[in-house]
Amino acid sequence: MALVRAYANIADELEAAGYSGADISRIKKQLGHYLNVREIIRNASGESLDLKAYEADMRHLIDTYIEADEPRTISPFDSMSLIELIVKTGIANAITSQLGGLKGNRNAIAETIENNVRRKIIKEHLSDPAYYERMSALLDEIVTARKARAIEYEEYLKRIADLARSVEAGLADDTPEQLKRSPALRALYNTLKKARGTPARADRVAEAPGEYRVSGDSVLDLALKLDAAVRRVRPDGWRGVQAREQVIKAALYDILRDEAEVERIFLIIKAQGEY
């Protein structure tokens, strides 16, 4: 953005510097173009300026030098991310309120939404790898269909909005009722379900203490059993303390009877704030 910096230095002195009216008009037009490009790039990348580090200084300046009535909330959605806005207000309103500057540029709007959904998937991936890998694959399908013009724009908006809702919620519409109350239990279930392409682990489960509800879904039964075991034996402050982590691993092994599977499941358990 060399043009923007150069213009800022002599913005008020162009005529005195020998520029004609036509030159000044051309430079301003170029400046507007590059500023618009910069804004598109910022929106598409999901970048935003975080002012938290400056809030205390800003508040001091405001309190010292500015007198005003008590602030009032104009909109309850001011601090929401693009994905949150899609979920709360619908995709049309979200586009209008956050992407108004891209009006008419369907590709830029689509890429901005896709990048925000992708960032959310990456951010939450470790908490439930199997689920968010599935969401990533669905996003890839939608993007491919859009670029190939295999779907109409209105259908694209519907699909990307549905995906955004699933990504934000952390669960799909067909999630079993017993899993909706616990993200940790969902993560266990999704991880176990992903591995069902191999011989069923549930068939090898040993009888161990711990209450869980028989659901008719062997994967769900196993997830419930593992969840109950972890909650029953976990020591305080167990993360990062080998002896305490081994207590949990031992309980997992009593159920799974497979050391490699214990290590795989333990990584999921370790990422759950509930435990």
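For the structure itself, look to the data block above.
Residues numbered from 1 in each chain as written. Predicted model: local features only at pLDDT ≥ 70, side-chain atom pairs only at ≥ 80, totals over all residues. Heavy atoms only, no water.

Caption draft 1: View of the side chain of Ser166. Inspection of the secondary structure assignment puts Ser166 in helix 8 (residues 153-169). Note on Ser166: relative accessible area 14%, which makes it buried. Leave out the neighbours within four places in its chain, and Ser166 touches Tyr131, Met135 and Leu171. (Helix = DSSP H or I, 4+ residues; strand = E, 2+ residues; numbered from the N terminus. Buried < 20%, exposed > 50% of the residue type's maximum accessible area, 1.4 Å probe, protein only. Contact = heavy atoms within 4.5 Å.)

Caption draft 2: Structural view of the pattern of salt bridges. Overall, the coordinates contain 14 salt bridges when judged by the stated rule. Two residues, Arg231 and Glu274, come together in a salt bridge whose shortest N-O distance is 2.7 Å. Residue Arg231 is located in helix 10 (residues 218-233), and its partner Glu274 is located in the segment after helix 12 (259-270); the two are separated by 43 residues in the primary sequence. Judged by its relative accessible area of 29%, Glu274 falls in the partly exposed class. One salt bridge in this structure joins Lys249 and Glu263, with 3.2 Å as the shortest N-O distance. Residue Lys249 is located in helix 11 (residues 242-256), and its partner Glu263 is located in helix 12; the two are separated by 14 residues in the primary sequence. Here the salt bridges do not stand alone but share partners, grouping Lys120, Glu124 and Glu168 into one network. (Salt bridge = Lys/Arg side-chain N within 4 Å of Asp/Glu carboxyl O.)

Caption draft 3: A look at helix 7 (residues 129-147). Between its terminal C-alpha atoms helix 7 stretches 27 Å, which fits the 27 Å expected from 19 residues at 1.5 Å a residue. The set of residues buried in helix 7 consists of Pro129, Ala130, Tyr131, Tyr132, Met135, Ser136, Leu139, Ile142, Val143, Ala145 and Arg146. Where helix 7 is buried, its residues touch helix 6 (106-124), helix 8, helix 9 (183-194) and helix 12. Arg149, located one to two residues past helix 7, shows a positive phi value of around 55 degrees. (Expected span 1.5 Å × (residues − 1).)

Caption draft 4: Spotlight on the packing of helix 11 against helix 12. Contact geometry of helix 11 with helix 12 gives a least axis separation of 9 Å together with a crossing angle of 125 degrees. If you check the angle between helix 11 and helix 12, you find them oblique. Helix 11 and helix 12 meet at a crossing whose hand is right-handed. Here Glu245, Ile248, Lys249, Leu252, Tyr253 and Leu256 of helix 11 lie close against helix 12, whose contacting residues are Glu259, Glu261, Val262, Glu263, Ile265, Phe266, Ile269 and Lys270. Residue composition of the contact of helix 11 with helix 12, by class: eight nonpolar, no polar and six charged. (Axes fitted to C-alpha atoms, helices over the stretch in contact; angles between N-to-C directions. Parallel < 35°, antiparallel > 145°, perpendicular 65-115°, else oblique. Left-handed = near helix turned anticlockwise from the far one by under 90°. Nonpolar A, V, L, I, M, F, W, Y, C, P; charged D, E, K, R; others polar.)

Coordinates in, geometry out; function isn't part of it.
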